[in-house]
Amino acid sequence: MEVIIRDTREKAVSLTASLIARALVKKPNLVLGLATGRTMESVYQLLVAMYEDDGLDFSLARTFNLDEYVGLPPEDPNSYRFYMNRHLFHRVNIDLRNTHLPDGMAEDIEAECRNYEEKIVDCNGIDLQLLGIGRTGHIGFNEPLSAMRSRTRPKALSPETVAQNAPLFTGETPMPRRAITMGVGTILECRRCILLATGKEKAEVIAKAVEGPVTAMISATALQLHPNCTVIVDAEAGSLLQNQDYYRWIFENEPDWQQYH
Ligand code: GLP
């Protein structure tokens, strides 16, 4: 695991967007794993700006989102499909047929989950998975007790996650209590992952995820097992990490990071 602490939220977001853009330029048909939530909105804003200003090309990219609420159709403004269309897909030159989210309206949820895994395999796996972190330490919607080897499946949302995400719901739609999420095992198979967290409300969970023991109670700790995982935080989200000086020292001295100083 690499941990990068940037002084400001803007710098943390911009590093994340640059790493995605660089991967896309290097491999135009990149298989990109995507995440939702407030934190990612600014990442998508920057990617849209790179498309508009610098011609960042999404035409061959393929995407797989981590999760979707059960029972919300794509046209519901609270669904993650709607979020992705609004923040990214409708604003860049991606082919919508190459964008994938689990279908929260599927009649047979189990079959939908198997089908989602198969689609990832058909694309030869995910090259780069973008991740946020929930207050329970979830990645995707892998709530406490998610098995390290879990696959895409329906998952009951914890009361803490409901409290965290319910304020984002608009209109009449009550927040669903279940979601389909890629499993921890599914996420661990991606070739590279980048977790972005900003703000002091993430400080405690980031300290546990990065420096705490690996536990199914905090699914983000599973990333310690991933051979190519970068955690990017701003100073606030990184404020409770014990080894901040060490992480900063690596960032200053590692040749790969020189261009981002
Ligand atoms: C939701 C998503 C997670 C995401 C989290 C973070 O719960 N399912 O994948 O990491 O939101 O949200 P925010 O960025 O709003 O803190």
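Residues numbered from 1 in each chain as written. Predicted model: local features only at pLDDT ≥ 70, side-chain atom pairs only at ≥ 80, totals over all residues. Heavy atoms only, no water.

Trainee: Sorry, what's going on with the pattern of salt bridges here?
Mentor: Opposite charge on two side chains permits pairing when their charged atoms draw close. Applying the stated criterion to the full structure yields eight salt bridges. Across the pair Arg-248 and Asp-7 runs a salt bridge, and its minimum N-O distance is 3.8 Å. A residue pair is termed long-range when its members are at least 10 positions apart, and Arg-248 in helix H8 (residues 244-253) and Asp-7 in the loop between strand S1 (2-6) and helix H1 (9-26) qualify at 241 residues. Owing to a relative accessible area of 29%, Arg-248 belongs among the partly exposed residues under this scheme. The partner of Arg-151 in a salt bridge is Glu-189, with the nearest N and O atoms 2.8 Å apart. Here Arg-151, found in the loop between strand S6 (128-131) and strand S7 (153-156), pairs with Glu-189, found in the loop between helix H6 (184-188) and strand S9 (192-197); they are 38 residues apart in sequence, far enough to count as distant. (Salt bridge = Lys/Arg side-chain N within 4 Å of Asp/Glu carboxyl O. Helix = DSSP H or I, 4+ residues; strand = E, 2+ residues; numbered from the N terminus. Buried < 20%, exposed > 50% of the residue type's maximum accessible area, 1.4 Å probe, protein only.)

Trainee: Is there a simple way to explain the site of the ligand in this structure?
Mentor: Near the ligand lie 14 residues; those nearest to it are Arg-38, Thr-39, Asp-67, His-138 and Lys-202. Within the contact set of the ligand, a nitrogen atom lies 2.8 Å away from a side-chain nitrogen or oxygen of Asp-67. At 3.4 Å from a nitrogen atom of the ligand is found a main-chain nitrogen or oxygen belonging to Gly-140. The protein chains hide 97% of the 390 Å² of surface that the ligand would expose on its own. Within the residue set of the shell around the ligand, elements represented by two or more residues are helix H2 (38-54) and helix H5 (159-165). When the residues that make up the shell around the ligand are grouped by side-chain class, the tally is three nonpolar, eight polar and three charged. (Near = heavy atom within 4 Å. Polar contact = N/O pair within 3.5 Å; in protein donor to acceptor, adjacent residues only side chain to side chain. Areas by Shrake-Rupley, 256 points an atom, 1.4 Å probe, with all protein chains shown as cover. Nonpolar A, V, L, I, M, F, W, Y, C, P; charged D, E, K, R; others polar.)

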